[in-house]
Amino acid sequence: HQVWLGPQSQWWAHQDANPARRDANAPWPPDPWLSYAATEVVAQAADRIELRGPPSPVSGVYLDHRYALPAGKAGTLETTATMRNIRTTPVSWGLWFNSRVPADTRVFVPVASEGDVRLRHDVDAGFDGLSGVTQGGFFSLDLAAPAAGKQGRRGKVFIQPRAGWMAGFRAGQAFVIRFDLQPRERIHPEHGQVELYLQWTPGDEAGSLLEMEVHGPYTTLAPNAEAQAKETWLVRRYEGSDRRDAQLAFLAAMLDEAGIEH
């Protein structure tokens, strides 16, 4: 799990620490002060930990991370990220949660229509594009075999969800990420509130991944101002079949138990 800032196109645009990255309009790598630097433990107890990252000359913010196990809620974790502007001028960012899971995780994202889903196919000599389906009010990626001559599938899905959660099934577990649903206009137009990034090569588990991503509102922060976003994670044992209908039935019961509208 990582916390980035959006939009990705501006990761290196507003800084002088690395002029070459800025001048190249680089979309990669993410800010190393936010993603790779050591954090300070600012609070710790049996049921929670709070971490603070260093101030970043690249993004102009620092990040606080809080992970907590809520009392009386087994299999549940709350994670909160806070960004604070360290500059003397305004900065504009959105908090971006990125949770990585194995590529063969079946993810369900609730959607109102196919028009709320946009696929970007990262096709090249080695990779085919994505294969997905919107059915019964949910979007899922399919791991259909790539075209002849291609080693796998790669791309990204941008989604405006109809409810504030998404779920994944794999290896006898069901995983739900719950978040605050935002209207489309509060998410930077470069992104969707939910995004799925897939890089999948059959037979190469180590070289494959699926990213379950959630964007918070795109916000302009005055000097010393802060913004916050939160996810709640739920994990349950799942011993049912791999059929889509069986997983959706279990998911409905799991959401009902947690009081989550679906």
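Thresholds, definitions, all that
Residues numbered from 1 in each chain as written. Predicted model: local features only at pLDDT ≥ 70, side-chain atom pairs only at ≥ 80, totals over all residues. Heavy atoms only, no water. Helix = DSSP H or I, 4+ residues; strand = E, 2+ residues; numbered from the N terminus. Rg over C-alpha atoms; globule rule 2.2 N^0.38 Å. Buried < 20%, exposed > 50% of the residue type's maximum accessible area, 1.4 Å probe, protein only. Contact = heavy atoms within 4.5 Å. Areas by Shrake-Rupley, 256 points an atom, 1.4 Å probe, with all protein chains shown as cover. Lys, Arg positive; Asp, Glu negative; His and termini not counted. Charge placed at Lys NZ, Arg CZ, Asp CG, Glu CD. Salt bridge = Lys/Arg side-chain N within 4 Å of Asp/Glu carboxyl O. Pairing = 2+ DSSP bridges. Axes fitted to C-alpha atoms, helices over the stretch in contact; angles between N-to-C directions. Phe/Tyr/Trp six-rings, centres within 6.5 Å; stacked < 30°, edge-to-face > 60°. Lys NZ or Arg CZ within 6 Å of the ring centre and 35° of its normal.

A. Looking closely at the overall build of the protein. Looking only at helices and strands, one finds three helices and 18 strands in the protein. For 262 residues, the compact-globule estimate of 2.2 N^0.38 gives 18 Å, and the protein sits close to it at 19 Å. Each of the three principal axes of the protein carries a C-alpha extent, and together these read 55 × 50 × 35 Å. The buried share among the 262 residues of the protein stands at 48%. By sequence separation, contacts in the protein at least 24 residues apart represent 67% of the contacts at least 6 residues apart. Total accessible area on the protein stands at roughly 12500 Å², and carbon and sulfur atoms take up 50% of it. One way to put it: in the protein the 26 positive side-chain charges average out to a point 1 Å from where the 31 negative ones average out.

B. Fine view of the pattern of salt bridges. Under the criterion given, the structure shown has 18 salt bridges. Residue E50 pairs with R48 through a salt bridge whose shortest N-O separation is 3.4 Å. Taking relative accessible area as the criterion, E50 reaches 25% and is therefore assigned partly exposed. One network of salt bridges, with partners in common, ties together D16, R22 and D23.

C. Examining the sheet that holds strand β11 (residues 138-141) more closely. Overall, antiparallel pairing links the ten strands, which are arranged β2-β3-β4-β5-β18-β14-β13-β7-β11-β10 in an open sheet. Two strands close off the open sheet at either side, each with one partner strand: β2 (40-45) and β10 (132-135). Across the sheet, the mean angle from the axis of one strand to that of its neighbour is 15°, orientation sign disregarded. In this sheet, strand β13 (residues 165-170) lies alongside strand β7 (residues 106-110) in antiparallel orientation, the contact comprising three bridges.

D. Up close: the packing of aromatic side chains. Under the defined criterion, the tally for this structure stands at twelve aromatic pairs. Where W11 meets W96, the ring centres are 5.7 Å apart and the plane angle is 35°; that geometry is what we call tilted. Of this pair, W11 sits in the loop between β1 (2-6) and α1 (19-23) while W96 is found in strand β6 (residues 91-101), placing the two residues 85 residues apart along the sequence. Note on accessibility: W11 and W96 belong to one class, buried. Clustering of aromatic rings is evident, with ring pairs tying together F108, F138, W165, F169, Y238 and F250. R118 extends its terminal NZ or CZ atom over the ring of F158, reaching a point 4.0 Å from the ring centre. Above the ring of F138, the side-chain terminus of R162 is found at 5.1 Å from the ring centroid.

E. Broad picture of unusual backbone geometry. A cis amide bond links G6 with the next residue in sequence, P7, at an omega value of 10°. Tracing the backbone through its elements, the reader meets P7 in the loop between β1 and α1. Its identity is not glycine, yet N25 carries a phi of approximately 50°, on the positive side. Located in the positive-phi region is A171, a residue other than glycine, with phi close to 55°.

F. The environment of G60, seen in detail. Considering the arrangement of structural elements, one finds G60 in the loop between β3 (48-52) and β4 (61-68). The exposure class assigned to G60 is buried, which follows from its relative accessible area of 0%. Sequence spacing of G60 and R243 is 183 residues, and the spatial spacing of their C-alpha atoms is 46 Å. For G60, the residues in contact, after removing those within four places along its chain, are R84, N85, I86, R87 and V91.

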